Amino acid sequence: MPVGSLTGRVAVVTGAAGGIGGATAARLSREGASVVLVDLDGDAASALAARLEGEAIGVAADVSREEDVERYMDAAVDRFGRVDLHHLNAGIPGTPTALPDLGVEEFDRVIAVNMRGTFLGLRAAFRQYFLQSSAGAIVITASIASLRGSSDLLPYHASKHGVLGLMRNAAVYGGPLGVRVNAVAPGIVPTALFGSGDGPGGSADMVQRASTTPLRRAGSPEEIASVVAFLLSDDAAYMTGEAVSVDGGASIVNSVRPSGGAGAWDTAALDARTAPTAGRV
């Protein structure tokens, strides 16, 4: 179903060569927007841009670098004259690691992309809205990890909790300016983001884990993209500061109760994975 008209709007999508970013770029293009696809893999972003229905360009950028964020915004304005919509989607999961074994470099790397990249994207968006004297809409990709904890992927969970703080503050600041800021919180959506991890919690068991959600299945990038398009559209004109879960109902489940996933795992095997390896003799 089409959302409120995006015809004539200009949208920036970061992490656009990935599953959710690519699906969002395609959806926004079908809805009539011109799209700037930003990704560390500039060739992949440009190749996808060439396949979209409407006008689009690809830009290579590291969203954690201030100069790269300024450059992708400059490219958008140079090509299309303005920017109206932003999907700040770029992110990395990091490596599943027990807390005692987690290195500072790994923590900093994930925080830099997921959290600093979101901050830089928000700041660039508001600066551009000021320059063009316009309102606008922004959607940040959060996660079910923004709402819950886990025994691994600590930097990822911390960063995704953090982006909700960024979103809410930006929404309060942007409201009087006519700038809406929301977040989408995907659940289990198999994409290349999580690689090919073959242990519990990796990509190999996503289908099994998703089968314990109320909808009993994993989601698709296109299903996330449809919510992003709605939040960016005028159909969501009275929504700001919200984190919308798109997770098959996973976040509402009491996991210790029957039918809520209780007994879905060998808990002894799971607990063994939390034992630290650093300092063992």
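Owing to the predicted nature of the structure, the values given are computational and were not obtained by experimental measurement.

A. Structural context of the packing of aromatic side chains. Going through the model one piece at a time under the given rule, you end up with two aromatic pairs. Between the aromatic rings of F126 and Y173, the centroid separation amounts to 5.4 Å while the plane-to-plane angle is 70°, which identifies the pairing as edge-to-face. Residue F126 is found in helix α4 (residues 104-132), and its partner Y173 is found in helix α5 (residues 154-174); the two are separated by 47 residues along the sequence. A relative accessible area of 14% places F126 in the buried class.

B. Representation of the nonpolar core. Membership of the largest hydrophobic core comes to 35 residues, with the highest contact counts inside it found for V12, V36, Y72, L122, I138, I140 and V181. Every element with two or more residues in this core is listed here: β1 (10-14), β2 (34-39), β3 (56-60), α3 (66-80), α4, β5 (136-141), α5 and β6 (179-186). Those residues within four positions of L122 in sequence are excluded, and the remaining contacts are L88, I138, I140, L166, A170 and V181.

C. Structural view of unusual backbone geometry. In this structure, S133 takes a positive phi of about 50° despite not being glycine. For S133, the location among the structural elements is in the loop between α4 and β5. Although it is not a glycine, R216 sits at a positive phi angle of roughly 60°. Relative to the helices and strands, R216 resides in the loop between α6 (206-210) and α7 (221-232).

D. Local environment of the side chain of K160. Tracing the chain through its elements places K160 in helix α5. Ignoring anything within four residues of it in the chain, the contact list for K160 reads N114, T141, A142, S143, A145 and S146.

E. Quick look at the sheet that holds β5. Spatially, the seven strands line up as an open sheet ordered β3-β2-β1-β4-β5-β6-β7, and their pairing is parallel. Whereas interior strands pair on both sides, the edge strands pair on one side only; in this sheet they are β3 and β7 (243-246). Neighbour-to-neighbour, the strand axes of this sheet turn through a mean angle of 15°, independent of strand direction. Here six bridges tie β5 to β6, and the two strands are oriented parallel to one another. In the strand pairing of β6, A137 is matched with R180.

F. How the structure looks around α4. The end-to-end C-alpha distance of α4, which contains 29 residues, comes to 40 Å, matching closely the 42 Å that a straight helix rising 1.5 Å per residue would cover. A112 marks where α4 bends most, by close to 40°. S133, located one to two residues past α4, shows a positive phi value of around 50°.

G. Seen up close, the pairing of β2. Burial within β2 is extensive, with six of its six residues counted as buried. Here β2 shows no split at all, with S34, V36 and V38 on one side and V35, L37 and D39 on the other all buried. As paired elements, β1 and β2 share five bridges and run parallel to each other. Within β2, the residue paired with V13 across the bridge is L37. Between β1 and its parallel partner β2, the chain crosses via helix α1 (residues 19-30), and the hand of that crossover is right-handed. As paired strands, β2 and β3 are joined by five bridges and run parallel to one another. Bridging across to β3, V38 finds its partner in V59. As for the winding sense of the linkage, the β-α-β connection from β2 through helix α2 (residues 42-51) to β3 is right-handed.

H. Just the packing of α3 against α4, in detail. In contact at an axis separation of 10 Å, α3 and α4 are set at 40° when each is read in the N-to-C sense. Taken together, the axes of α3 and α4 are oblique relative to one another. In the crossing of α3 with α4, the sense of the turn from one axis to the other is right-handed. In this structure, α3 contributes E66, V69, E70, Y72, M73 and V77 to the contact, and α4 contributes L120, G121, R123, A124, R127 and Q128. Grouping the constituent residues of the contact of α3 with α4 by class yields six nonpolar, two polar and four charged.

Parameters at a glance
Residues numbered from 1 in each chain as written. Predicted model: local features only at pLDDT ≥ 70, side-chain atom pairs only at ≥ 80, totals over all residues. Heavy atoms only, no water. Phe/Tyr/Trp six-rings, centres within 6.5 Å; stacked < 30°, edge-to-face > 60°. Helix = DSSP H or I, 4+ residues; strand = E, 2+ residues; numbered from the N terminus. Buried < 20%, exposed > 50% of the residue type's maximum accessible area, 1.4 Å probe, protein only. Core = buried A, V, L, I, M, F, W, Y, C linked by side-chain atoms within 4.5 Å. Contact = heavy atoms within 4.5 Å. Pairing = 2+ DSSP bridges. Axes fitted to C-alpha atoms, helices over the stretch in contact; angles between N-to-C directions. Expected span 1.5 Å × (residues − 1). Bend = angle between axes of the 7 residues up to and from the residue. Right-handed = clockwise from strand over helix to strand, strands pointing away. Parallel < 35°, antiparallel > 145°, perpendicular 65-115°, else oblique. Left-handed = near helix turned anticlockwise from the far one by under 90°. Nonpolar A, V, L, I, M, F, W, Y, C, P; charged D, E, K, R; others polar.

Any functional reading would require information beyond the geometric quantities listed.
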